Structures are given as structure tokens and as C-alpha cells.
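Take a look at the letters that make up each chain.
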Amino acid sequence: MEEVYHLLITLQDDVQSQQMAAYMRDQFAFLGIRTPVRRQVAKSALTEAKKSGRIDWSFVELCWASDFREHHYLAIDYLLTMSAHLKKADLPKIEQLLLIDPWWDTVDALSGVVAKMVLQEPTLKSDMSRWSTADSIWLRRSAIIHQLLLKEQTDTDLLRLILWNNLGTKEFFINKAIGWSLRDYAKTDPAWVRLFLTTYKDQLAPLSVREASKHLDHCSDLT
């Protein structure tokens, strides 16, 4: 995998790197490599890595120490590929990644890794509850969205608790995540989402209600 790390550097595109950095409010440096190219470059190496059956945390740490955001994305692609081999004891490592140079791009992608870990080890649900009250908005956002796309596998008791723990905030990234999680689950159980919106309408931010209602019938009493 380290060969891919170095290969990405040779593909640096200064024009695209400036555009990608600007999109992320110039908070991070980019090599200027688009996602399809990065994934194609890493495809064979990721296939071979999967055969090893173990997580190379040294490689993940190498990627995360890089100044270039594409290396962070490479580490996430790697962890997603290796998710079947992640153990309960690995969650603190993921938690640290969520707290290093956090922004929605890496946090949202890492939340997909978290989702797989929680499905494999349900006792990690208690950590999701803990994250939902953390000082870091990024841990809270990860807890809120980690059940995206789980459909019937969604633990609604956990979802309700996590969302309730984050009601009443003015933080954009939290309110957006609340709406996103409800909007996604509305595709599976719209009645559950309608009831949640009705029950907590006085505590939900308008942004959350708008996002959550996108797959529901128009509810004028909620906006």
C-alpha cells in the first residue's frame, strides 16, 4: 500500500489541487487527484491488502500524517476494504482519526467504517451513545449519521437517543446531520420519522426539519 501512497504524489495536478482546496475553503492541501483516479490507482493494492487479513495501522497513520487530503481518503478506502478485520479494540484508533484535521469529508466517510464496526460488534452502540454527547461536534456528527443506509437494520432506539442528545443546538453540521439521518430513514419507515418530527418539533432546527421532510408528504405544521 505504501507504493500507492508515493504514486499518488507523482500524479499531482497543481490546477486541480487549487480547485479542490478552494472547494474545502482552503483548509487542506490537495494533490489534485479526483476520486475515480485515486481509486483506480489503489484498486489492485487494496485487493492484495484484503488477502492479508490484518489491518496495517502503520500505513493508516502514514496516510493521516500526510499534508495531502487524498492520502487521508486513501486510508479511508483502505479501512473500508479491510472493515471485516476491524475489531472492537480498533474503535479508539478510529476515534482519533475523526479528531485529527476533521471536516465533513473525512468524518462522513469514516462514519461508513464506524457503521460496519457497530454492525459487527453491537456492544459498540454504547460508544455511539457516548460520542453523541462528546465535546467534539465531529464525534457527535459521526454518531448521528453512522446508521445511514442501514434501512431495516437501523436501531431506532439508538437513533432516537443520539438525536435527542443533539436537539437544541445551533451548530450547522449537527443540525444538517440530524436532518440527513431522518431523511434517510424516512425511506424505510416514514411513520417513525413523522412521529419523531411531531414529538420534537419545538426542539428541532428548521434546517433539520427541512432535510428530514424531503421524502415525506408536506407537513405544514412542522415548518
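Rules and cut-offs
- Residues numbered from 1 in each chain as written.
- Predicted model: local features only at pLDDT ≥ 70, side-chain atom pairs only at ≥ 80, totals over all residues.
- Heavy atoms only, no water.
- Helix = DSSP H or I, 4+ residues; strand = E, 2+ residues; numbered from the N terminus.
- Rg over C-alpha atoms; globule rule 2.2 N^0.38 Å.
- Areas by Shrake-Rupley, 256 points an atom, 1.4 Å probe, with all protein chains shown as cover.
- Lys, Arg positive; Asp, Glu negative; His and termini not counted.
- Charge placed at Lys NZ, Arg CZ, Asp CG, Glu CD.
- Axes fitted to C-alpha atoms, helices over the stretch in contact; angles between N-to-C directions.
- Parallel < 35°, antiparallel > 145°, perpendicular 65-115°, else oblique.
- Left-handed = near helix turned anticlockwise from the far one by under 90°.
- Contact = heavy atoms within 4.5 Å.
- Nonpolar A, V, L, I, M, F, W, Y, C, P; charged D, E, K, R; others polar.

Trainee: Help me understand the overall build of the protein, please; the structure alone is not making it clear to me.
Mentor: The helix and strand tally for the protein stands at 13 helices and 0 strands. Along the protein, from the amino end to the carboxyl end, the secondary structure elements read α-α-α-α-α-α-α-α-α-α-α-α-α. A compact globule built from 223 residues should have a C-alpha radius of gyration of about 17 Å, and the protein, at 19 Å, falls within 12% of that. The principal-axis extent of the C-alpha atoms belonging to the protein is close to 55 × 40 × 30 Å. Of the roughly 11300 Å² of accessible surface on the protein, 52% is carried by carbon and sulfur atoms. Taking the average location of the 27 positive side-chain charges in the protein and that of its 29 negative ones, the two points are 5 Å from each other.

Trainee: Is there a simple way to explain the packing of helix α6 (residues 91–99) against helix α7 (residues 104–120) in this structure?
Mentor: When two helices pack together, you describe them by how their axes are tilted relative to each other and by the distance separating the axes. With their axes 10 Å apart at the nearest point, α6 and α7 run at an angle of 170 degrees to one another. In this view, α6 runs roughly antiparallel relative to α7, as classed from their interaxial angle. Along this stretch, α6 crosses α7, giving a crossing that reads as left-handed. Where α6 approaches α7, its residues L91, I94, L97 and L98 are matched on the opposing element by V107, L110, V113, V114 and M117. Looking at the contact of α6 with α7, its residues break down into 9 nonpolar, no polar and no charged.

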